[in-house]
Amino acid sequence: MLGMALAALDGTVVSTAVPQIVGDLGGLSIFSWLFSGYLLAVTVTLPVYGKLCDTFGRKPVLIAGTILFLIGSLLCAAAWNMGSLIAFRVVQGLGGGALQGTIQTIAADLYPLKERPKIQAKLSSVWATASVAGPAAGGLLAGYADWRWIFLINLPVGLLALWLIARYLVEPEGRRQAAGTGAPQGKDGEGRTGRKGQEGRSEGNGQEGRSGRKGRGGRSERKLTVDWAGAVAIFATGTLLLTALVQGGVAWPWLSAPSLGLFAGALALAGVTVLVERRAAEPIIPGWIWRRRTISAVNLALGALGLLMVAPTVFLPTYAQAVLGLGPIAAGFVLSAMTLSWPISAAFSNRVYNRIGFRLTAVIGITLALLVLLAFPFLPFPGEPWQPALLMFLLGGALGLFQLPLIVGVQSTVPYEERGTTTASVLFCRQVGQSVGAALFGAIANGVLASRLGADTDLDSLAHALDHADDTLRRAVDAAVDYVYLGAAGAAALALLVLLTLAPRRFPVLKEHKEQQEQQQDGSPSV
């Protein structure tokens, strides 16, 4: 929990300290890379850490990631200009990727299927608390102490987390061996028993067909290898793609030479990555990630979730300030209604999916989210703060029913030695979806504003005028955010379509997870 708190807080705590940082170090024109650099590093390293978890075990990867994060924090506190601070934020992000992916994987390792919603709800509550407390803590430290304490405060918390991990986190011996030797091979070359390309029999007692290389049977005792070429290729591809998405329309126009060059470079490197991964003995992103219907469906559905989440997290505060006339703190509380209901809904989702299954629970959740998102444009102008807050509360409850069953479900369809890679792929797709959403919805909002207020008008140029917005500006922002929410509804519809057409009706939960659940229900010890 402490490790997750480090990663969660670091994404939000810097935002309110930007004026003090820029006043001390300068670099106003590039300060946005304080956030973009961290996000890029976290996102592109997720698949790498997922594979390392499956190869060497969770504990060494989590310890190494925590140490790297703390080194980055210490370097950030010692930064002498904006360029150095951005570089050290990237170092932080390299460690943050290990914290996010590995902790989610460990939660699935340590807790049986029946108990996972509770621990996942606790992890969600950490993120919810960070989204509210992070900006406040950053503002207090920057205003009453020094902005460098934003990073130095990570050291005692991180060292405590490191000590707890080293002392109390114990991986079962059999599972450490499984991670060190790779997935079991079958006679038919599927990596596990079962016919090639087939899904498991049914949720709770089936096994999903595996696609892997041929083996001689039994567990392969081969030397541990790391696909470093694949890791570099994935890192380079992700960096170019996310840089194009994050900076396009902000630092340069979408159809300018920098944007087109970055997208072309990302496409070329993606082709190189595919070739490298196909030839690798232990690829960072194995082909079975996309060949198995359950995993590919969850990846696409949660990618759509990342896309739609941009509407409330990025545009709702602007709506609350410009249209409702609220201050920054009050605007944050409108958004916090979603972070309150999400963990509660997630904690109780097991009562639903244990009865009707993972897919149907997620379908209900995303359908409710779709209706809530479609309701937002019908809010009265200017309206009252409780109206969008109520919608966000309902949205959080719906998304709790959507996200957690998919994560728990997909983790339950893979064995220990594939769980890190699977979890990382899910988180990676969600992060990429968020980057795509920020670029897409930003373009939509700016297009609406330009059509109503003038060709050179966008959200960035209006940021300073939100506190004293006139009726024309307020109506323009209201219309822009309405269109963004309609776009988010489109993303929800896409997720619903993926679940209905691609996801199997019953997730092929492995027998080991089903046995743990049955033993808990019978009161006998879990294995």
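Residues numbered from 1 in each chain as written. Predicted model: local features only at pLDDT ≥ 70, side-chain atom pairs only at ≥ 80, totals over all residues. Heavy atoms only, no water.

**Q** Explain the overall build of the protein chain here, please?
**A** A tally of regular secondary structure across the protein chain gives 22 helices and zero strands. Buried positions account for 54% of the 527 residues belonging to the protein chain. Taking as baseline every contact in the protein chain between residues at least 6 positions apart, the subset at least 24 positions apart corresponds to 82%. Taken as a whole, the protein chain presents about 22400 Å² of accessible surface, with 65% of it coming from carbon and sulfur. (Helix = DSSP H or I, 4+ residues; strand = E, 2+ residues; numbered from the N terminus. Buried < 20%, exposed > 50% of the residue type's maximum accessible area, 1.4 Å probe, protein only. Contact = heavy atoms within 4.5 Å. Areas by Shrake-Rupley, 256 points an atom, 1.4 Å probe, with all protein chains shown as cover.)

**Q** Any chance you could explain the pattern of salt bridges here in plain terms?
**A** Two side chains bearing opposite charge may form a pair once their charged atoms approach each other closely. Applying the stated criterion across every chain, the model contains six salt bridges. Asp24 is the salt-bridge partner of Arg148, the closest N and O atoms lying 3.6 Å from each other. Here Asp24 lies in helix H2 (residues 18-25) and Arg148 lies in the loop between helix H6 (116-144) and helix H7 (149-152), a separation of 124 residues in the sequence. For Arg148, a relative accessible area of 22% puts it in the partly exposed group. Glu418 serves as the salt-bridge partner of Arg292, at 3.0 Å between the closest nitrogen and oxygen. (Salt bridge = Lys/Arg side-chain N within 4 Å of Asp/Glu carboxyl O.)

**Q** So what exactly am I meant to see when it comes to the packing of aromatic side chains here?
**A** What describes a pair of aromatic rings is the distance from one ring centre to the other and the angle between the planes of the rings. Applying the stated criterion across every chain, the model contains seven aromatic pairs. Arranged with centres 5.8 Å apart and planes meeting at 75°, the rings of Trp80 and Phe88 form a pair that is edge-to-face. Under the relative-accessibility criterion, Phe88 is labelled buried at 14%. An angle of 10° between the planes, with centres 3.8 Å apart, marks the rings of Phe376 and Tyr485 as stacked. With Phe376 in the loop between helix H17 (358-375) and helix H18 (386-411) and Tyr485 in helix H21 (residues 471-501), this residue pair connects regions lying 109 residues apart in the sequence. Among the aromatic residues, ring-to-ring pairing joins Tyr319, Phe376 and Tyr485 into one connected group. (Phe/Tyr/Trp six-rings, centres within 6.5 Å; stacked < 30°, edge-to-face > 60°.)

**Q** I keep staring at the side chain of Glu282 and nothing clicks. Help me out?
**A** Structurally, the position occupied by Glu282 is in the loop between helix H11 (257-279) and helix H12 (288-291). At 3.1 Å, the side chain of Glu282 forms a polar contact with the side chain of Lys51. (Polar contact = N/O pair within 3.5 Å; in protein donor to acceptor, adjacent residues only side chain to side chain.)

**Q** Is there a simple way to think about the nonpolar core in this case?
**A** Side chains of a nonpolar character, in soluble globular proteins, are inclined to be buried together. Judged by nonpolar contacts, the single largest core of 79 residues is most densely connected at Leu308, Ile366, Leu399, Phe402, Leu406 and Leu499. Among residues more than four places away in sequence, those in contact with Ile366 are Leu308, Leu399, Phe402, Ala492, Ala495, Leu496 and Leu499. (Core = buried A, V, L, I, M, F, W, Y, C linked by side-chain atoms within 4.5 Å.)

**Q** I would appreciate a short explanation of the confidence of the model for the protein chain in the present structure.
**A** Caution applies to low-pLDDT parts of the model: their predicted coordinates are not meant to be read in detail. Looking at the protein chain, the pLDDT average stands at 78 and 77% of residues meet or exceed 70. When the elements of the protein chain are averaged for pLDDT, helix H22 (residues 511-522) gives the smallest value, 52, and H17 the largest, 95. Per-residue pLDDT stays below 50 along residues 182-202; that stretch engages in 62 contacts with residues further than four places along the chain or on separate chains. Scored below 50 in pLDDT, residues 519-527 makes ten contacts in the model with residues more than four places away or belonging to other chains. (pLDDT = per-residue confidence, 0-100.)

**Q** Just to check I follow, could you spell out the side chain of Arg419 for this structure?
**A** Tracing the chain through its elements places Arg419 in helix H19 (residues 416-453). Within the structure, the side chain of Arg419 is placed 2.4 Å from the side chain of Asp109, a separation counted as a polar contact.

**Q** What is the right way to look at a nonpolar patch on the surface in this model?
**A** The grouping of Leu360, Ile364, Leu368, Leu371, Leu374, Tyr483 and Leu486 at the surface amounts to a nonpolar patch, some 610 Å² of accessible area in total. Mapped by element, the contributors of at least two residues to the nonpolar patch are H17 and H21. Looking at the nonpolar patch element by element, the count peaks at five residues for H17. Here Leu374 is to be found in helix H17. (Patch = residues over 30% accessible without salt bridge, like charges linked within 9 Å, V, L, I, M, F, W, Y side chains within 5 Å.)

**Q** Please explain the packing of H18 against H19 as it appears in this structure.
**A** Helix-helix packing: each pair is described by the crossing angle between the helix axes and the interaxial distance. Contact geometry for H18 and H19: axes closest at 9 Å, N-to-C directions at 150°. In terms of their interaxial angle, H18 and H19 are classed as roughly antiparallel. Here H18 runs over H19; the crossing is right-handed. Where H18 abuts H19, its residues Gln403, Ile407, Val410 and Gln411 lie against Arg419, Thr422, Thr423, Val426 and Arg430. Residues that form the contact of H18 with H19 fall into these classes: three nonpolar, four polar and two charged. (Axes fitted to C-alpha atoms, helices over the stretch in contact; angles between N-to-C directions. Parallel < 35°, antiparallel > 145°, perpendicular 65-115°, else oblique. Left-handed = near helix turned anticlockwise from the far one by under 90°. Nonpolar A, V, L, I, M, F, W, Y, C, P; charged D, E, K, R; others polar.)

**Q** I'm lost on unusual backbone geometry in this one. Help?
**A** Leaving glycine out, the prevailing phi sign among residues is negative, and the prevailing peptide bond configuration is trans. Looking along the chain, the bond that leaves Phe381 and enters Pro382 is cis, with omega of -5°. Within the fold, Pro382 resides in the loop between H17 and H18.

**Q** Could you clarify how one ought to interpret H17 in this entry?
**A** Along an α-helix, a turn takes 3.6 residues, which lines up residues three or four apart on a common side. Taking 1.5 Å as the rise per residue, H17 with 18 residues should run 26 Å; its terminal C-alpha atoms sit 26 Å apart, in good agreement. If you check which residues of H17 are buried, you get Phe358, Arg359, Thr361, Ala362, Val363, Gly365, Ile366, Ala369, Leu370, Val372 and Leu373. In this fold, the buried residues of H17 make contact with helix H13 (293-308), helix H16 (350-356), H18 and H21. (Expected span 1.5 Å × (residues − 1).)

**Q** In this structure, what is going on with helix H10 (residues 228-247)? I would like to understand it.
**A** Between the first and last C-alpha of H10 there are 28 Å, a value that for 20 residues agrees with the 28 Å anticipated at 1.5 Å per step. Buried-residue contacts for H10 involve helix H3 (33-56), H11 and H19. Immediately beyond the C-terminal end of H10, within one or two residues, lies Gly249, with a positive phi of roughly 80°.

**Q** How should I be thinking about a positive patch on the surface in this particular structure?
**A** A grouping of Lys114, Lys118, Lys122, Arg351 and Arg355 is seen on the molecular surface, where their side chains present a positively charged patch. Structurally, Arg355 can be placed in helix H16. (Lys, Arg positive; Asp, Glu negative; His and termini not counted. Charge placed at Lys NZ, Arg CZ, Asp CG, Glu CD.)

**Q** Sorry if this is basic, but what is going on with the packing of helix H4 (residues 58-77) against helix H8 (residues 154-168) here?
**A** Remark: H4 packs on H8, axes separated minimally by 10 Å, with the N-to-C direction vectors making an angle of 165°. Between H4 and H8, the interaxial angle falls into the category roughly antiparallel. Between H4 and H8 lies a crossing whose hand is left-handed. Between H4 and H8, the residues in contact are Lys59, Leu62, Ile63, Thr66, Ile67, Phe69, Leu70, Ser73 and Leu74 and Asn154, Leu155, Gly158, Leu159, Leu162, Ile165 and Ala166, respectively. Taken together, the residues of the contact of H4 with H8 break down into eleven nonpolar, four polar and one charged.

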